[in-house]
Amino acid sequence: MKIASYTLQHQRSYGIVTQEGIIDLGSRLGERYPDLKSLLRAGQLSLAKDYSTCSPDFSPQQVCYLPVIESPDKILCVGMNYADKRREFEQTDPAPTLFIRFPDSQTGHQRNLLKPCESVEFDYEGELAVIIGLEGSHIPREQALQHIAGYSCYMDGSARDWQHSWFTAGKNWRRSGGFGPWLTTRDEVSDPHQLMLRTWLNGELVQQDSTANMVHKIPELIEYISTFTHLSAGDVIITGSPGGVGKKRHPPLFLQAGDCIEVGIEQVGHLTNRIADEQPPRPESITAGSR
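Residues numbered from 1 in each chain as written. Predicted model: local features only at pLDDT ≥ 70, side-chain atom pairs only at ≥ 80, totals over all residues. Heavy atoms only, no water.

This brings us to the overall build of the protein. Across its full length, the protein carries five helices and 18 strands. The globule rule puts the C-alpha radius of gyration for 291 residues at 19 Å, and the 19 Å found for the protein is close to it. Referenced to the eigenvectors of the C-alpha coordinate spread, the extents of the protein come out at roughly 55 × 50 × 45 Å. Restricting the contact set of the protein to residue pairs at least 6 apart, pairs at least 24 apart contribute 75%. A total accessible area of about 13300 Å² is found for the protein, and carbon and sulfur atoms account for 48% of it. (Helix = DSSP H or I, 4+ residues; strand = E, 2+ residues; numbered from the N terminus. Rg over C-alpha atoms; globule rule 2.2 N^0.38 Å. Contact = heavy atoms within 4.5 Å. Areas by Shrake-Rupley, 256 points an atom, 1.4 Å probe, with all protein chains shown as cover.)

Our next topic: the sheet that holds strand 14 (residues 196-201). Taking strand neighbours across the sheet as the criterion, the five strands line up as 8-18-17-14-15 in an open arrangement whose pairing is mixed. Single-partner strands in this sheet number two, and they are strand 8 (112-115) and strand 15 (204-210). Direction aside, the axes of adjacent strands within the sheet are offset by 20° on average. By the bridge criterion, six bridges tie strand 17 (residues 260-265) to strand 18 (residues 269-277) in an arrangement that is antiparallel. By the bridge assignment, Val263 is partnered in strand 18 with Leu271. (Pairing = 2+ DSSP bridges. Axes fitted to C-alpha atoms, helices over the stretch in contact; angles between N-to-C directions.)

Here Gly180 and Pro181 are connected by a cis peptide whose omega angle stands at 5°. Structurally, Pro181 can be placed in strand 13 (residues 177-185). Each neighbour pair has its own omega, and for His250 with Pro251 the value is 0°, a cis peptide bond. Structurally, the position occupied by Pro251 is in the loop between strand 16 (236-238) and strand 17. Although it is not a glycine, Arg175 adopts a positive phi angle of roughly 55°. Relative to the helices and strands, Arg175 resides in the loop between helix 4 (168-171) and strand 13. Here Gln267, not a glycine, exhibits a phi torsion of approximately 70°, which is positive. Looking at the secondary structure, you find Gln267 in the loop between strand 17 and strand 18. Residue Gln267 is classed as partly exposed on the basis of its relative accessible area of 35%. (Buried < 20%, exposed > 50% of the residue type's maximum accessible area, 1.4 Å probe, protein only.)

What follows is about the confidence of the model for the protein. When pLDDT is averaged along the protein, the result is 93, and 95% of the positions lie at 70 or above. Throughout residues 285-291 the model reports pLDDT below 50, and contacts reaching past four residues in sequence, or to other chains, amount to zero contacts. (pLDDT = per-residue confidence, 0-100.)

All right, on to the packing of aromatic side chains then. On inspection of all chains with the given rule, the structure shows five aromatic pairs. Summarising the aromatic geometry, the rings of Tyr6 and Phe58 are spaced 5.8 Å apart at their centres and angled 85° between planes, so their arrangement reads as edge-to-face. Here Tyr6, found in strand 1 (residues 2-8), pairs with Phe58, found in the loop between helix 2 (36-41) and strand 4 (64-65); they are 52 residues apart in sequence, far enough to count as distant. Across the pair, exposure class does not vary: Tyr6 and Phe58 are buried alike. Between Tyr154 and Phe179 the ring centres are 5.2 Å apart and the planes differ by 35°, which places this aromatic pair in the tilted class. Of the two residues, Tyr154 is situated in strand 11 (residues 148-156) and Phe179 in strand 13; the sequence distance between them amounts to 25 residues. As far as the burial class goes, Tyr154 and Phe179 line up, both buried. (Phe/Tyr/Trp six-rings, centres within 6.5 Å; stacked < 30°, edge-to-face > 60°.)

In terms of burial, strand 13 is a largely internal element, nine of the nine residues being buried. In this sheet, strand 13 lies alongside strand 1 in antiparallel orientation, the contact comprising two bridges. Paired with Ile3 across the bridge in strand 13 is Leu183. Here strand 7 (residues 106-107) runs beside strand 13; their pairing, made up of two bridges, is parallel. Following the sheet pairing, Gln106 is matched in strand 13 by Gly177. In terms of strand pairing, strand 11 meets strand 13 through six bridges, oriented antiparallel. Bridge assignment links Asp156 to a residue of strand 13, and that residue is Gly177.

Okay, here's the thing in structure tokens:
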């Protein structure tokens, strides 16, 4: 199954995406499970299959996509996890490089990514996202895949000029990360380490690699992360980006307003976002007697 989160006529919902249209789960399950995260938390993802043969309620063109999981408790991101990327950045540390994203740094499929007004080095990074379906801690790698609900695409927009010896400041600008278009359930992906990942900028292929070339494979990452934090259903692990990022091109290639950035992962989905300039905040007016 492919399950998307969206708004329709300003109402939040989620549903099964089929070739014929979207089967709305919110109208059927919403009283018990108002969003995809709550469905996962209850361990009821299989319940959605009961509705998979229903007639679609509307077309994908009618909805406004949200991030697949709109408010994950944790968004854990893995840096430098492809061999080519490690060479580009001269990375030699053998341990996984981790950083955190905040929920409000995300947006959905076909929504604008916001180029921070304070950055002139807003970069693209196409990645495979893993959505946790079964909570746990100290998860052995041999059991790790059983804790996955499904997979999605992620555009990890990066303000390079705000990344220094840490990543957090460069990764958490409002609506700088695209997450979607949907969750593809684990059973539809034969092997998460045999997927071709591609990124296009304005129709030009800028990243291409196989997930087979991850330095730290998904089971290892789940084992490592769950050692120091409890993973909950709905948590998201972003597994790293291949080489070819704009920062390391000659000349550098950064995202500008009007650009179209796409991430396609076979068996998973195709995420599309356009870039818009973030509007600078207006100075707050100070009136007499407001002290």
